[in-house]
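Spelled out, the chains give:
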Amino acid sequence: MTTTYLASKPRYEILDGLRGVAAMLVVAFHLFETYSPGVPYQIINHGYLAVDFFFVLSGFVIGYAYDDRWDKMTTWQFCKRRLIRLHPMLVLGTLFGVLMFYFTGDHPAFAGLNETPVWLLLVVGLLCLVMFPVPTSLDIRGWGEMNPLNGPQWSLFWEYLANIAYALFFRKFSKALLAAFVACSAVLTVILCLNIDVFGWLAARDYAQYTVIGGWSLTPDQIQIGLTRLLYPFFCGLLLSRVGKLITVKGGFWWCSLIIVVLFAMPRVGGDNPENYWMNGLYEIVCILVAFPFIVAVGAGSSTKGKTTAINRFLGDISFPLYITHYPLIYMQMSWATTHKDLPAATHFFVAVSIFILAVAIAYASLKLYDEPVREWLKRKLF
């Protein structure tokens, strides 16, 4: 068995670009969230569905990149490749969260911040560096997150589990068996979106009924949500890569980007009337079970050229760094907005736009000055 680093396959550049579009919408969603009075009123209301879209993309790319390579690599070599791809930026995102923790400022939601001693911050930081989910007993911010230093990293925990499950089990599944598993996972998605409390855990999430919001904590309801959000999207993406039924559309990147923007920006379906909440659940079922796999099929089946190719490459390059480094800035924005409520709306808008630009700049700098050099160094050392 060779220990050389297998060359990467040609990339689906449109899928890379779509990942970048979704990452930018996530940043905008979080910036608007600071001013939202509640889930039904959030601007870019369904921006949280980006996580589910990312999982479909990940499953598809994993299948494409590795399904036909298991005669050339071991499970450990696969794990090393995935660590090289994901973990350097996870480390940087965690360290950025540690650095910014005490600079977050005053906010009613950060109940545990001022009472957190440095030694506890370092312990939590160490757990996050090795991707060990932080239990609620070590909560240092007040949100009960498995990564209280950089919230969005919770989705990377589930991503890691999916990669391990693929390497140990699912790579050996036939198409028929994988399709059966995906169908069962779809049932879990329906149960969650329609708030069918099979296990008696969903009552704890009354703020987010009939949505897939959650998955970031080690409580029973959040574990159910996290698993549900992972299983269908990721393994549907894997199945899609194996079936190979792709769709070719002229201008595929632009059409797919438009669909993503519309789906994420859709206001709360059914409004804020609790009697109509089921409508929103039905909307999210359609997004996750149908729309996202369709977008991936079109993105993978279509081609791009010229300036559009360059745009896709740029968006793809910064997508992961942007997703994994932007949230410490959001913590600061939340605190600033709380202590400057009397300032004009134009000032708040200017600050939000500035943070968005800063987040993109930090992501690009992280990519060029840290992520790419570190990954190349790790390839040489580990292979």
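Everything that follows concerns the structure shown earlier in this document.
Throughout what follows, the structure given in this document is the object of discussion.

Definitions and limits used
- Residues numbered from 1 in each chain as written.
- Predicted model: local features only at pLDDT ≥ 70, side-chain atom pairs only at ≥ 80, totals over all residues.
- Heavy atoms only, no water.
- Helix = DSSP H or I, 4+ residues; strand = E, 2+ residues; numbered from the N terminus.
- Rg over C-alpha atoms; globule rule 2.2 N^0.38 Å.
- Buried < 20%, exposed > 50% of the residue type's maximum accessible area, 1.4 Å probe, protein only.
- Contact = heavy atoms within 4.5 Å.
- Areas by Shrake-Rupley, 256 points an atom, 1.4 Å probe, with all protein chains shown as cover.
- Phe/Tyr/Trp six-rings, centres within 6.5 Å; stacked < 30°, edge-to-face > 60°.
- Core = buried A, V, L, I, M, F, W, Y, C linked by side-chain atoms within 4.5 Å.
- Expected span 1.5 Å × (residues − 1).
- Polar contact = N/O pair within 3.5 Å; in protein donor to acceptor, adjacent residues only side chain to side chain.
- 1 Å grid on protein atoms, 1.4 Å probe; cavity = no way out; pocket = protein on both sides within 12 Å on 5 of 7 lines; lining within 4 Å.
- Points joined across faces, edges and corners; volume = space filled by probe spheres on them.
- Nonpolar A, V, L, I, M, F, W, Y, C, P; charged D, E, K, R; others polar.
- Patch = residues over 30% accessible without salt bridge, like charges linked within 9 Å, V, L, I, M, F, W, Y side chains within 5 Å.
- Salt bridge = Lys/Arg side-chain N within 4 Å of Asp/Glu carboxyl O.
- Axes fitted to C-alpha atoms, helices over the stretch in contact; angles between N-to-C directions.
- Left-handed = near helix turned anticlockwise from the far one by under 90°.
- Bend = angle between axes of the 7 residues up to and from the residue.
- Parallel < 35°, antiparallel > 145°, perpendicular 65-115°, else oblique.

### Here's the deal with the overall build of the chain
Item 1. Looking only at helices and strands, one finds twelve helices and zero strands in the chain.
Item 2. Sequence-ordered secondary structure for the chain, helices as α and strands as β, is α-α-α-α-α-α-α-α-α-α-α-α.
Item 3. A compact globule built from 383 residues would reach a C-alpha radius of gyration of about 21 Å, and the chain, at 20 Å, matches this within 12%.
Item 4. With the principal axes as the frame, the chain shows a C-alpha extent of 60 × 50 × 45 Å.
Item 5. Counting the 383 residues in the chain, one finds 53% classified as buried.
Item 6. Pairs at least 24 apart in sequence give 78% of the contacts found in the chain among residues at least 6 apart.
Item 7. Within the structure as shown, the chain displays about 16900 Å² of accessible surface, and the carbon and sulfur contribution to it stands at 70%.

### Focus: the packing of aromatic side chains
In this description, a pair of aromatic rings is defined by centroid distance and the angle of the planes.
Item 1. Here the structure, examined in full by the defined rule, presents 26 aromatic pairs.
Item 2. Judged by centre distance (5.5 Å) and plane angle (85°), the rings of Phe-181 and Phe-235 are edge-to-face. Note that Phe-181 is positioned in helix H6 (residues 175-193) and Phe-235 in helix H7 (residues 220-243), a separation of 54 residues in sequence.
Item 3. On the basis of relative accessibility, which here comes to 1%, the residue Phe-235 falls in the buried class.
Item 4. Three or more aromatic residues joined by ring pairs make a cluster, and in this case those are Phe-170, Phe-173, Phe-181, Phe-234 and Phe-235.

### Thoughts on the nonpolar core
Item 1. With 110 residues, the main nonpolar core has Leu-18, Phe-53, Leu-156, Phe-235, Phe-264 and Phe-292 as its most contacted residues.
Item 2. In contact with Leu-156, other than residues within four places in its own chain, are Leu-86, Leu-90, Met-131, Phe-320, Tyr-323 and Ile-324.

### Here's the deal with helix H11 (residues 327-339)
Because the α-helix completes a turn every 3.6 residues, residues three or four places apart line up on one side.
Item 1. Helix length check: H11 (13 residues) gives 19 Å between terminal C-alpha atoms against 18 Å at 1.5 Å per residue, within 8%.
Item 2. Residues Tyr-327, Pro-328, Leu-329, Ile-330, Tyr-331, Gln-333, Met-334, Ser-335 and Ala-337 constitute the buried set of H11.
Item 3. Where H11 is buried, its residues meet helix H1 (13-33), helix H3 (75-100), helix H10 (307-325) and helix H12 (345-382).

### Let's talk about the environment of Ser-155
Item 1. For Ser-155, the position within the fold is in helix H5 (residues 154-168).
Item 2. Filtering out sequence-adjacent residues up to four positions away, Ser-155 remains in contact with Val-51, Phe-55 and Tyr-323.

### Considering the environment of His-326
Item 1. In this structure, His-326 sits in the loop between H10 and H11.
Item 2. In this structure His-326 comes out as buried when scored by relative accessible area, which is 1%.
Item 3. Counting along the chain gives 231 residues from His-326 to Leu-95, while the straight-line C-alpha distance between them is 13 Å.
Item 4. Separated by 3.1 Å, the side chain of His-326 and the backbone oxygen of Leu-322 make a polar contact.

### Describing the layout of surface pockets
Item 1. Computed from the structure, the largest pocket encloses a volume of approximately 1100 Å³.
Item 2. At the level of secondary structure, the elements contributing two or more residues to the lining of the largest pocket comprise H1, helix H2 (50-66), H3, H5, H10 and H12.
Item 3. With nine residues, the top contributor of residues to the lining of the largest pocket is H2.
Item 4. Glu-33, Trp-143, Ile-213, Trp-216 and Tyr-327 are the residues nearest the centre of the second largest pocket, which is lined by 29 residues in total.
Item 5. The set of elements that each furnish at least two residues to the lining of the second largest pocket consists of H1 and H11.
Item 6. Among the elements that line the lining of the second largest pocket, the one with the most residues is H1, at four residues.
Item 7. A per-class count over the lining of the second largest pocket returns 16 nonpolar, ten polar and three charged.

### Here's the deal with empty space enclosed by the protein
Sizing a probe to match a water molecule and rolling it over the atoms shows the empty space that remains.
Item 1. Taken as a whole and assessed by the stated rule, the structure comprises two cavities of 30 Å³ or more.
Item 2. In this model, the largest cavity occupies a volume close to 70 Å³.
Item 3. Around the largest cavity, the lining residues are Cys-128, Met-131, Phe-132, Pro-133, Met-146, Asn-147, Gln-153, Trp-154 and Phe-157.
Item 4. A per-class count over the lining of the largest cavity returns seven nonpolar, two polar and no charged.

### Some words on a nonpolar patch on the surface
Item 1. Residues Tyr-102, Phe-103, Val-118, Leu-122 and Met-332 make up a contiguous nonpolar surface patch of about 500 Å² in total accessible area.
Item 2. Of note, Phe-103 is situated in the loop between H3 and helix H4 (118-129).
Item 3. Accessibility expressed as a relative area gives 57% for Phe-103, which makes it exposed.

### Here's the deal with the packing of H1 against H12
Item 1. Two elements in contact, H1 and H12, have axes separated by 10 Å at closest approach and are oriented at 145°. The hand of the H1/H12 crossing is right-handed. Contacts between H1 and H12 involve Met-24, Val-27, Ala-28 and Leu-31 from the former and Ala-352, Ile-355, Phe-356, Ala-359 and Val-360 from the latter.
Item 2. Residues that form the contact of H1 with H12 fall into these classes: nine nonpolar, no polar and no charged.

### Examining H10
Item 1. End to end, H10 covers 27 Å across 19 residues, agreeing with the expected 27 Å (1.5 Å per residue, within 8%).
Item 2. By the largest-angle criterion, Ser-319 marks the main kink of H10, which is about 40°, and a proline, Pro-321, follows within four residues.

### Thoughts on the pattern of salt bridges
Item 1. Taken as a whole and judged by the stated rule, the model has eight salt bridges.
Item 2. Taken together, the shared-partner salt bridges connect Arg-11, Asp-16 and Arg-19 into one network.

### Focus: the packing of H3 against H11
Item 1. Relative orientation of the contacting elements H3 and H11 amounts to 25°, with a least axis distance of 9 Å. Between H3 and H11, the interaxial angle falls into the category roughly parallel. In this structure, H3 uses Phe-96, Gly-97 and Met-100 to contact H11, whose residues at the interface are Pro-328, Leu-329 and Met-332.
Item 2. For the contact of H3 with H11, a count of residues per class yields five nonpolar, one polar and no charged.

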